[in-house]
2 protein chains.
Amino acid sequence: MTDSLSPRAQKLRDAGHKLTNARLAVLQALEESGGHITSAEVLGRVDEIDSSVGRASVFRTLDLLTGLAIIRPTYIGTSMTPTYVLLPEGHHHHIICTNCNRVIEFDECGLEAIAAELEHRLGVRLTGHLLEFYGLCDQCV
Amino acid sequence: MTDSLSPRAQKLRDAGHKLTNARLAVLQALEESGGHITSAEVLGRVDEIDSSVGRASVFRTLDLLTGLAIIRPTYIGTSMTPTYVLLPEGHHHHIICTNCNRVIEFDECGLEAIAAELEHRLGVRLTGHLLEFYGLCDQCV
DNA sequence: AATGCATTTGATACAGTGTATCATTTTAGT
DNA sequence: ACTAAAATGATACACTGTATCAAATGCATT
Ligand SMILES: [Zn+2]
Ligand SMILES: [Zn+2]
Ligand SMILES: [Zn+2]
Ligand SMILES: [Zn+2]
């Protein structure tokens, strides 16, 4: 069988995890959402995709994907209800307005140099990063 | 009265908020902790500092400080129980090992250039940032 | 295709975290 | 000191994430 697996599903399998319905449903929910989605929204979408998937498996999968650096929980504005962000190419960057909580995404980060330096100096192997600027958006300045 | 206010307390006042016992107790708890502290730990420390401070005010203050970019909630390893990080000079950087959850702090980031570019291009005013690398620490490589 | 086992699951009941409410207290400016 | 507005603490609540465990499933091997 020459199944064409999504890259993230492949990453799951490569890490030695099984590709179950629950996990694929969560991945699909995340990918359809386009980023910055709360656990409540994931639960809702997964329920539409496959209502037999249980609550616990959704949270287990979110933890698993976080550990594999496929998603990253972040906070927007308040201390509760994290937002899960897909990390498409191993990194993600946004600006959060501390006044209106608007989120502005951007692509360039120029962090490759410092990442390489850290790997060399600290002996770590870096697979991705999240860069979060905060301040006032153009509407709130 | 020439009260010498801590810089963060000053920042609170400058933003038009009152300097109450509850807020000062939470600030003190955060500062004594040295970074990466959970809400449960904040609640415990605040209770020692001033047991009359109520639970709700602690959470209200954490939200307030987050909005002012004085602290930032982040996740270590799992999707629950955020860790609050003090942002001493407007920015904070760490590496999280996706295997053992060790946290490695580092200082240099070299993000001033891109911050200035974003301010110019997007019309925003940036006051700080959080940079989170993830990967494997030297023990786990 | 059928087998076998370790992994994963779903249901449920639970623990813990953060919040709404509102009468009372406190702050800070006059 | 006086006052209005802001903030508080107590409580009860809602919601998010988790422990448990018998049953189901993925997948490597035959
Ligand atoms: Zn804004
Ligand atoms: Zn980047
Ligand atoms: Zn490690
Ligand atoms: Zn920095």
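Residue numbering note: each chain is counted from 1, following its sequence as written. The order in which chains are written sets their letters, starting at A; the order in which ligands are written sets their numbers, starting at 1. In keeping with the predicted nature of the model, local features appear solely for residues at pLDDT of at least 70, side-chain atom pairs appear and are counted solely at 80 or more, and the whole-chain, interface and lining totals rest on all residues. Each side-chain value is worked out from all heavy atoms of the structure, with water and hydrogens disregarded.

Some thoughts on the protein's contact with DNA strand C
Throughout this document, a residue counts as near a molecule or strand when at least one of its heavy atoms sits within 4 Å of that molecule or strand. With respect to spatial proximity, 25 residues lie near DNA strand C, and among them Thr20, Ser57 and Arg60 of chain A together with Ser39 and Phe59 of chain B are the closest. Near the protein, meaning within 4 Å, the atoms of DNA strand C are sugar or phosphate in a fraction of 62%, with bases accounting for the rest. Here a polar contact is recorded for every N or O atom pair within 3.5 Å, except that within protein the pair must consist of a potential hydrogen donor and a potential acceptor, and residues adjacent in sequence are included only if both atoms are side-chain atoms. One of the backbone N or O atoms of serine 52 of chain A is found 3.2 Å from a phosphate oxygen in DNA strand C. It is helix H4 (residues 55-67) of chain B that contributes the most residues to the surface near DNA strand C, five residues altogether. Residues of the surface near DNA strand C, tallied by class, amount to 10 nonpolar, seven polar and eight charged. The helix count covers DSSP runs of H or I at least four residues long, the strand count covers runs of E at least two residues long, and both are numbered beginning at the N terminus. Following the grouping adopted for this structure description, the nonpolar residues are Ala, Val, Leu, Ile, Met, Phe, Trp, Tyr, Cys and Pro, the charged ones are Asp, Glu, Lys and Arg, and the polar ones are all others, Gly among them.

Thoughts on the relation of the copies chain A and chain B
Each copy is superposed on the other by least squares, with the fit set by C-alpha atoms of residues at a pLDDT of at least 70 in both. Screw-axis analysis of chain A against chain B gives a translation of 0.0 Å along the axis, an RMSD of 0.1 Å, and a rotation angle of 180 degrees. What we have between these two chains is a two-fold relation. Taking C-alpha positions as reference, the residue of chain A nearest the rotation axis is leucine 131 of chain A, located at 2.3 Å. In what follows, residue pairs with any heavy atoms lying within 4.5 Å of each other are defined as contacts. Most of the interface of chain A is mirrored in chain B: 98% of its interface residues are interface residues there too.

Quick notes on the interface of chain A and chain B
Chain A puts 45 residues into the contact, and the matching count from chain B is 44 residues. Two parts placed together each lose some accessible area; with a 1.4 Å probe, that loss summed over both constitutes the buried area. Buried area between chain A and chain B, summed over both chains or domains, comes out near 3,900 Å², and the portion from carbon and sulfur atoms is 61%. On the chain A side of the interface with chain B, the three residues burying the most area are Tyr75, Phe133 and Tyr134 of chain A, jointly 19% of the side's total. Here, a salt bridge means any side-chain nitrogen of Lys or Arg that lies within 4 Å of a carboxyl oxygen of Asp or Glu. The salt bridge involving arginine 72 of chain A is made with glutamate 132 of chain B; its shortest N-O contact spans 3.2 Å. The interface formed by chain A and chain B holds 12 residue pairs in polar contact (both at pLDDT 80 or more) in total. Secondary structure elements with two or more residues in the side of chain A that touches chain B: helix H4 (55-67), strand S2 (71-74), strand S4 (91-97), helix H5 (112-122) and strand S6 (125-136) of chain A. Top contributing element to the side of chain A that touches chain B by residue count: S6 of chain A, with 12 residues. Taken together, the residues of the side of chain A that touches chain B break down into 26 nonpolar, 13 polar and six charged. In this structure, S6 of chain A lies alongside strand S6 (residues 125-136) of chain B, joined through 11 bridges in antiparallel fashion. Among the inter-strand pairings, tyrosine 134 of chain A is bridged to a residue of S6 of chain B, identified as glycine 128 of chain B. Here, a strand pair is defined by DSSP locating no fewer than two bridges between the strands.

What about the coordination of the zinc ion (ligand 2)?
Residue and element names in this part refer to chain A. Keep in mind that water is not among the atoms, so a site may look incomplete; donors are the N, O and S atoms within 2.8 Å of the metal, or 3.2 Å for Na, K and Ca. With distances of 1.9 to 2.2 Å, the protein atoms coordinating the zinc ion (ligand 2) are His91 (ND1), His93 (NE2), Cys109 (SG) and His129 (NE2). Around the zinc ion (ligand 2) sit four donor atoms, and with donor-metal-donor angles ranging over 99 to 120 degrees the site reads as tetrahedral. The motif formed by the donor residues of the zinc ion (ligand 2), counted along the single chain, is H-x1-H-x15-C-x19-H. Linking histidine 93 in strand S4 with cysteine 109 in the loop between strand S5 (103-105) and H5, this pair joins segments that are 16 residues apart in sequence. For the pair shown, histidine 93 and cysteine 109 are each scored as buried. Square planar and octahedral sites, with four and six donors, are those where opposite donors lie more than 155 degrees apart and all other angles lie between 65 and 115, tetrahedral sites have four donors with every angle between 85 and 135 degrees, and the rest are irregular. Residue burial is assigned from relative accessible area. The probe radius is 1.4 Å, only protein chains are included, and a residue is buried under 20% of its type maximum, exposed over 50%, and partly exposed in between.

Thoughts on the nonpolar core
What makes a nonpolar core is a set of buried Ala, Val, Leu, Ile, Met, Phe, Trp, Tyr and Cys residues whose side-chain atoms join them at distances within 4.5 Å. Phe133 of chain A together with Phe133 of chain B are the most contacted members of the largest nonpolar core, which totals 29 residues. Mapped onto this core, the elements with two or more residues apiece are S4, H5 and S6 of chain A together with strand S4 (91-97), helix H5 (112-122) and S6 of chain B. Ignoring any residue separated from it by four or fewer positions in sequence, one finds phenylalanine 133 of chain A in contact with His94, Ile95, Ile96 and Phe106 of chain A together with Leu111, Ile114, Ala115, Leu118, Leu126, Gly128 and His129 of chain B.

Structural notes on the protein's contact with DNA strand D
By nearness alone, 25 residues border DNA strand D, and Ser39 and Phe59 of chain A together with Thr20, Ser57 and Arg60 of chain B come closest of all. Taken together, the sugar and phosphate atoms account for 66% of what DNA strand D places within 4 Å of the protein. One of the backbone N or O atoms of leucine 19 of chain A is found 3.0 Å from a phosphate oxygen in DNA strand D. Note that a base nitrogen of DNA strand D is positioned 2.7 Å from one of the side-chain N or O atoms of arginine 60 of chain B. When contributions to the surface near DNA strand D are tallied by element, the ones reaching two or more residues are helix H3 (39-49) and H4 of chain A together with helix H2 (21-33) and H4 of chain B. Looking at which element gives the most residues to the surface near DNA strand D, the answer is H4 of chain A, with five residues. Taken together, the residues that form the surface near DNA strand D break down as nine nonpolar, eight polar and eight charged.

Digging into the sheet that holds strand S3 (residues 83-86) of chain B
The strands making up a sheet associate through backbone hydrogen bonding, with each pair oriented either parallel or antiparallel. Residues and elements named next belong to chain B. Spatially, three strands are ordered S1-S3-S2 in an open sheet, and the strand pairing comes out antiparallel. The sheet is open, and its two edges are formed by strand S1 (37-38) and strand S2 (71-74), each paired on a single side. Note: S2 against S3, four bridges, orientation antiparallel. Across the sheet, isoleucine 71 pairs through a bridge with leucine 86, a residue of S3.

So, a negative patch on the surface
Residues forming no salt bridge and having over 30% relative accessible area are the ones grouped into patches, like charges within 9 Å of each other and nonpolar side chains (Val, Leu, Ile, Met, Phe, Trp, Tyr) within 5 Å. Here the accessible surface of atoms and residues is derived via Shrake-Rupley with a 1.4 Å probe, and residues count as covered only by protein chains that are part of the display. The charge count treats Lys and Arg as positive and Asp and Glu as negative. His and the chain ends do not count. A single reference atom marks each charge: NZ on Lys, CZ on Arg, CG on Asp, CD on Glu. A contiguous patch of negative charge, built from Glu105, Asp107, Glu108 and Glu112 of chain A, is present on the exposed surface. By secondary structure assignment, the location of glutamate 112 of chain A is in helix H5.

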